[in-house]
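Geometric and topological summary
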Amino acid sequence: MRLKDYTGQEINDLLDSGELSILEAMGAGDLKKEMVWIGRLCSFYIKLICRIRDDQRLRKRASAIIKSAAPASINGLLPQSEDTIVVGFNHPSLGEVCRLLHIGFDSYPDREFLFPVNLPWYESMVGVIPELHRLGINITPMITPATEQKLTQRFEGDQGKMDEIEFLRMVFDRRYIKEIKSIASKKGVIFIAPSATRQKEIIGDYVHPSMTVVAHLVLKGGKRAMFVPVAVVSPILGNRELNLFRRYRFIPCETFSSEEVSELTAGRDRAFDFTFLRRIEKVYLENTSAIER
């Protein structure tokens, strides 16, 4: 059965149950294998955390355990608001994601979280989705620009495969939109890397409208949200992976109010995305020379 013969809901249900590996079905199982060890390691920690039955203690336990393997420094807590919170960060590696978890648990102990996750990583994590839900963490699969480029290069000239890629991107985009609306209705926290892929540069060759898209969805109908840019400083000898036991530095920047975001997203295309990234870049450059990593 071809992937396009399934409905979007069937794709999502089969993927979440572990009955279907989209990457293997497409003939790109090696992209999934690249994330296997990371998925196993993350799953081990999540299962270790969730061995206790008391859900009220889970996040404190999770924060303590994750901190021991993925240390990070931050002055105080992330900014607070009674409205939906959107945390955007530069994305040099995989390491900042797990560190944002324990920072998020400490800063927003009673909020649900949403993380968009690259499809290869998502497929390696489907076995612990119930445990993630116990922790108040929602992950949603995405075909990031980097993965889409790999698939496109591999299947160039195969129109059937190209149609599948476009179909899957549409399915996951719709799911992401639904998840954003759900989290916003609960005044939760959305964590997002505006670059949509790992890269050293804060402002790369192409700026994706990631923040603008989220802003339109979260603020729709006059709703309110606080947007928090966070500068991530990775270890000086770090790589693109998890960098376990190496300390990261997180520096919250000046936040954006609902009014600021509405103004920036009402006019020139991607004005909000550029402004958001420049705010991160400014703080990053001001701090990297002085911080001991």
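Everything that follows concerns the structure shown earlier in this document.
Summarised in this report is the structure supplied together with it.

Reading the values: the criteria
Residues numbered from 1 in each chain as written. Predicted model: local features only at pLDDT ≥ 70, side-chain atom pairs only at ≥ 80, totals over all residues. Heavy atoms only, no water. Helix = DSSP H or I, 4+ residues; strand = E, 2+ residues; numbered from the N terminus. Buried < 20%, exposed > 50% of the residue type's maximum accessible area, 1.4 Å probe, protein only. Salt bridge = Lys/Arg side-chain N within 4 Å of Asp/Glu carboxyl O. Phe/Tyr/Trp six-rings, centres within 6.5 Å; stacked < 30°, edge-to-face > 60°. Lys NZ or Arg CZ within 6 Å of the ring centre and 35° of its normal. Pairing = 2+ DSSP bridges. Axes fitted to C-alpha atoms, helices over the stretch in contact; angles between N-to-C directions.

1. With respect to unusual backbone geometry
A positive phi is found at Ala196, a non-glycine position, where the angle reads about 65°. Considering the arrangement of structural elements, one finds Ala196 in the loop between strand S5 (189-192) and helix H11 (210-219). Taking the relative accessible area as the measure of exposure, Ala196 reaches 23% and is therefore partly exposed.

2. Here's the deal with the pattern of salt bridges
Within the structure shown, the criterion is met by 17 salt bridges. Asp30 serves as the salt-bridge partner of Arg154, at 2.6 Å between the closest nitrogen and oxygen. Linking Arg154 in helix H9 (residues 145-154) with Asp30 in helix H3 (residues 29-33), this pair joins segments that are 124 residues apart in sequence. Taking the relative accessible area as the measure of exposure, Asp30 reaches 35% and is therefore partly exposed. Residues Asp106 and Lys67 are paired through a salt bridge, measuring 2.8 Å at the closest nitrogen-oxygen approach. Of the two residues, Asp106 is situated in helix H6 (residues 95-107) and Lys67 in helix H5 (residues 58-69); the sequence distance between them amounts to 39 residues. Take Asp106: its relative accessible area is 32%, and that puts it in the partly exposed class. Overall, the relative accessible area of 37% leaves Lys67 in the partly exposed class. Salt bridges sharing partners connect three or more residues here, namely Glu148, Glu166, Arg169 and Asp173.

3. What to know about the packing of aromatic side chains
Summed over the entire model, instances satisfying the criterion amount to nine aromatic pairs. With centroids separated by 6.4 Å and ring planes inclined at 25°, the aromatic side chains of Tyr248 and Phe250 adopt a geometry described as stacked. Note on Phe250: relative accessible area 0%, which makes it buried. With 5.3 Å between their ring centres and 85° between their planes, Phe256 and Phe272 make a pair best called edge-to-face. Of this pair, Phe256 sits in the loop between strand S7 (248-252) and helix H12 (258-266) while Phe272 sits in helix H13 (residues 271-288), and the two are 16 residues apart along the sequence. In terms of burial, Phe256 and Phe272 fall into one category: buried. By way of ring pairs, the aromatic residues Phe105, Phe113, Phe115 and Phe191 are connected into one cluster. Positioned over the ring face of Phe256 is Arg279, at 3.7 Å from the centre of the ring.

4. So, the sheet that holds strand S6 (residues 225-233)
Read from one edge of the open sheet, seven strands run S1-S7-S6-S2-S5-S3-S4, paired in mixed fashion. What marks the edges here is a single partner per strand, and that holds for strand S1 (72-74) and strand S4 (137-142). Neighbour-to-neighbour, the strand axes of the sheet open up by a mean angle of 25°, direction not taken into account. For strand S3 (residues 113-118) and S5, the ladder comprises two bridges, and the chain directions are parallel. Paired with Leu114 across the strands is Ile190, a residue of S5.

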